[in-house]
Amino acid sequence: MKRLKSWSWFRSWKMNLRRGDAESYCAALEAAGAGSLGPQVVLFPPFPLLSVVAAGLGDTGVEWGGQDLHAEREGAHTGDVSGLHLLDWDSRWVLCGHSERRQDHEESDELVASKIRAAIDVGLEPLHGVVDTLITIPNHRLLALAGKQTGIQDAFKLADDV
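Described in the following lines is the structure provided in the data block. Keep in mind it's a predicted model, so treat the numbers as computed, not measured. (Residues numbered from 1 in each chain as written. Predicted model: local features only at pLDDT ≥ 70, side-chain atom pairs only at ≥ 80, totals over all residues. Heavy atoms only, no water.)

## Structural notes on the packing of helix α1 (residues 19-31) against helix α2 (residues 50-57)
Stage number 1. For the pair α1 and α2, interaxial distance at closest approach is 9 Å and the crossing angle is 25°. Of the possible angle classes, the one that applies to α1 and α2 is roughly parallel. Regarding α1 and α2, the two cross each other, and that crossing is right-handed. Residues R19, A22, E23, C26, L29 and E30 of α1 touch α2, and the partners they reach there are V52, V53, G56 and L57.
Stage number 2. Among the residues forming the contact of α1 with α2, the class breakdown is six nonpolar, one polar and three charged. (Axes fitted to C-alpha atoms, helices over the stretch in contact; angles between N-to-C directions. Helix = DSSP H or I, 4+ residues; strand = E, 2+ residues; numbered from the N terminus. Parallel < 35°, antiparallel > 145°, perpendicular 65-115°, else oblique. Left-handed = near helix turned anticlockwise from the far one by under 90°. Contact = heavy atoms within 4.5 Å. Nonpolar A, V, L, I, M, F, W, Y, C, P; charged D, E, K, R; others polar.)

What follows is the structure, encoded as structure tokens:
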């Protein structure tokens, strides 16, 4: 399993941002040198925006992952995303067991455990257990809060205070 850096920023976009917003967000992170700050920066966009993130941040050092995955690699699971799909967009991470998924989709401990195994089996790093405490920032507000002269670390601090 991948070892987390001592200081990391994990940002889930949840069901926010559209393509243009995601492009702007990635451009701002790239311009700010977010991947070379020292802290690990990992984004979790909605699946349809993974291609935007991969294209916009591919060589920056910023990492990304999926907000969820199905426990199976493939099959008749309409609308679901497999770990292999996430790998297609160079994802390194996936969220497993977020409280919103547990509540809204009634995910059990057994299902979460199977998703964690599925992630590991394809080489993804599952982020679980501390998901809800790590991802508390309203990410869609980050760029609106920070001015053009605001450093990326200060921008994240602003978002943390919202």
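On we go.
## Section: the sheet that holds strand β1 (residues 8-12)
Stage number 1. Sheet architecture is open: five strands sit in the order β1-β2-β3-β4-β5, paired in parallel fashion. Two strands bound the open sheet, and with one partner strand each, they are β1 and β5 (125-127). Each strand of the sheet is rotated relative to its neighbour by a mean of 30°, with strand direction disregarded.
Stage number 2. The pairing of strand β2 (residues 40-44) with strand β3 (residues 63-66) spans two bridges and is parallel. Note on β3: the bridge partner recorded for L43 is W64. (Pairing = 2+ DSSP bridges.)

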